[in-house]
Amino acid sequence: MSRPAGSGDVHHSATSHGDHSIAAHDIRNIFIKWVMHPSARWLPLLLACAAVVIAGTDWPDGPARQYTLWGLLTGLSVLTAAARVLDRSPRDARLAGVLSLVSVLATVGGWLAFQSVRTHGEIDVTGQVRAEGSQPLDDAAHRTLTLRLDARALAEPRNALRLTLAITDHDPAGPTCLPDTRATLSLLTAGTADRTADLRPGGTADFALGARTTTVTIGVRLHTGRGCRMDVRTTGAVLHDQ
């Protein structure tokens, strides 16, 4: 006798679905048992706290705004982990699982955000800029000021430098020369100007640095009115990636 066509396929499909259903049910039970285990309540919180401690011991420099994403994700991980610890209801397996999952994902995301800042974030090196040359500067004597960053300041590799200069009257009691004053900044390579930028008092110039830069030398040439003498100082020097 012949069997109805396709009857074997129908039977096999039903068995396959049944096997998958049983496996999913077993995985679900295992997950629920793990989530609701007393010791599992503390794991997300321990993981979040460990990430904060490790980040604190390896904290890079730079403005606080670049850590905003890390702070938000870290705060979320700690809050959800703490809520998981406080949730002791044996019937809230789904809530416990969601809190644990959110906390772990936020911890991982925060750690990745921190590593991104550590590798590519801004580094404030203002205090490490050395000024060479006598001041005040004027336009008549054609004297220049040299700003240098050494290898210690450039230990973390970045490919650009953002420099801000304050240019002020040497004699505050006299007439101001600020409206007629500007400076030409030159990034020097082997003593020759590689890139230049004109700067007004309080202005900022951005210089692209070469790969594996070990020293940065910038010449400052002042342009001002007749009889004017000015003081120049660095108010901001930030290494960053363009």
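Residues numbered from 1 in each chain as written. Predicted model: local features only at pLDDT ≥ 70, side-chain atom pairs only at ≥ 80, totals over all residues. Heavy atoms only, no water.

Caption draft 1: Broad picture of the state of the cysteines. For the structure shown, the criterion picks out one disulfide. Across the disulfide from Cys 177 sits Cys 228; the S-S distance is 2.0 Å. The sign of the -80 degrees torsion about the S-S bond sets the Cys 177-Cys 228 disulfide as left-handed. In this pair, Cys 177 is assigned in the loop between strand 4 (160–169) and strand 5 (182–189) and Cys 228 in the loop between strand 8 (216–223) and strand 9 (230–240), connecting sequence segments 51 residues apart. Considered together, Cys 177 and Cys 228 belong to a single accessibility category, that of buried residues. (Disulfide = S-S within 2.5 Å. Helix = DSSP H or I, 4+ residues; strand = E, 2+ residues; numbered from the N terminus. Buried < 20%, exposed > 50% of the residue type's maximum accessible area, 1.4 Å probe, protein only.)

Caption draft 2: Highlighting the nonpolar core. By size, the foremost hydrophobic cluster in this structure holds 30 residues, and its most contacted members are Leu 147, Leu 161, Leu 165, Leu 185, Val 216, Ile 218 and Val 220. Each residue touching Leu 165, except ones within four places of it in the same chain, is listed here: Leu 147, Leu 185, Leu 199, Pro 201, Gly 202, Gly 203, Val 220, Val 232, Arg 233, Thr 234 and Thr 235. (Core = buried A, V, L, I, M, F, W, Y, C linked by side-chain atoms within 4.5 Å. Contact = heavy atoms within 4.5 Å.)

Caption draft 3: Main features of the packing of helix 2 (residues 43–57) against helix 3 (residues 68–86). Running from N to C, helix 2 and helix 3 point in directions that differ by 150 degrees, and their axes come no closer than 8 Å. Classed by the angle they form, the pair helix 2 and helix 3 counts as roughly antiparallel. When the axes of helix 2 and helix 3 are compared, the crossing they make is left-handed. When helix 2 is examined against helix 3, the residues Pro 44, Leu 45, Ala 48, Val 52 and Ala 55 are found in contact with a partner set consisting of Trp 70, Thr 74, Ser 77, Val 78, Ala 81, Ala 82 and Val 85. Each residue belonging to the contact of helix 2 with helix 3 can be placed in one class, and the counts come to 10 nonpolar, two polar and no charged. (Axes fitted to C-alpha atoms, helices over the stretch in contact; angles between N-to-C directions. Parallel < 35°, antiparallel > 145°, perpendicular 65-115°, else oblique. Left-handed = near helix turned anticlockwise from the far one by under 90°. Nonpolar A, V, L, I, M, F, W, Y, C, P; charged D, E, K, R; others polar.)

Caption draft 4: Structural detail: the packing of helix 2 against helix 4 (residues 93–120). Two elements in contact, helix 2 and helix 4, have axes separated by 9 Å at closest approach and are oriented at 15 degrees. With respect to their mutual orientation, helix 2 and helix 4 come out roughly parallel. For the element pair helix 2 and helix 4, the recorded crossing hand is left-handed. Counted together, Pro 44, Leu 47, Ala 48, Ala 51, Ile 54 and Ala 55 of helix 2 and Ser 100, Ser 103, Val 104, Thr 107, Trp 111 and Phe 114 of helix 4 form the full contact between these two elements. In terms of residue class, the contact of helix 2 with helix 4 is built from nine nonpolar, three polar and no charged.

Caption draft 5: Structural view of helix 4. For helix 4, which comprises 28 residues, the first-to-last C-alpha distance of 40 Å matches the rise-based estimate of 40 Å (1.5 Å per residue) to within 8%. Buried within helix 4 we find Ala 93, Ala 96, Gly 97, Leu 99, Ser 100, Ser 103, Ala 106, Thr 107, Gly 110, Ala 113, Phe 114 and Val 117. (Expected span 1.5 Å × (residues − 1).)

Caption draft 6: Fine view of the side chain of Thr 164. Locating Thr 164 in the fold gives a position in strand 4. Side chain to side chain, Thr 164 and Thr 204 meet in a polar contact 2.7 Å long. Aside from chain neighbours lying at most four places away, what touches Thr 164 is Gly 202, Gly 203, Thr 204, Arg 233, Thr 234, Thr 235 and Gly 236. (Polar contact = N/O pair within 3.5 Å; in protein donor to acceptor, adjacent residues only side chain to side chain.)

Caption draft 7: Spatial organisation of the UniProt feature "transmembrane region" (unreviewed entry) in the chain. Using the residue numbers shown here, the UniProt feature "transmembrane region" (unreviewed entry) corresponds to residues 40–57, 69–86 and 93–114. Its end C-alpha atoms 31 Å apart, residues 93–114 is made of 100% helix and 0% strand. (UniProt positions renumbered as here; feature names shortened; annotations may be inferred.)

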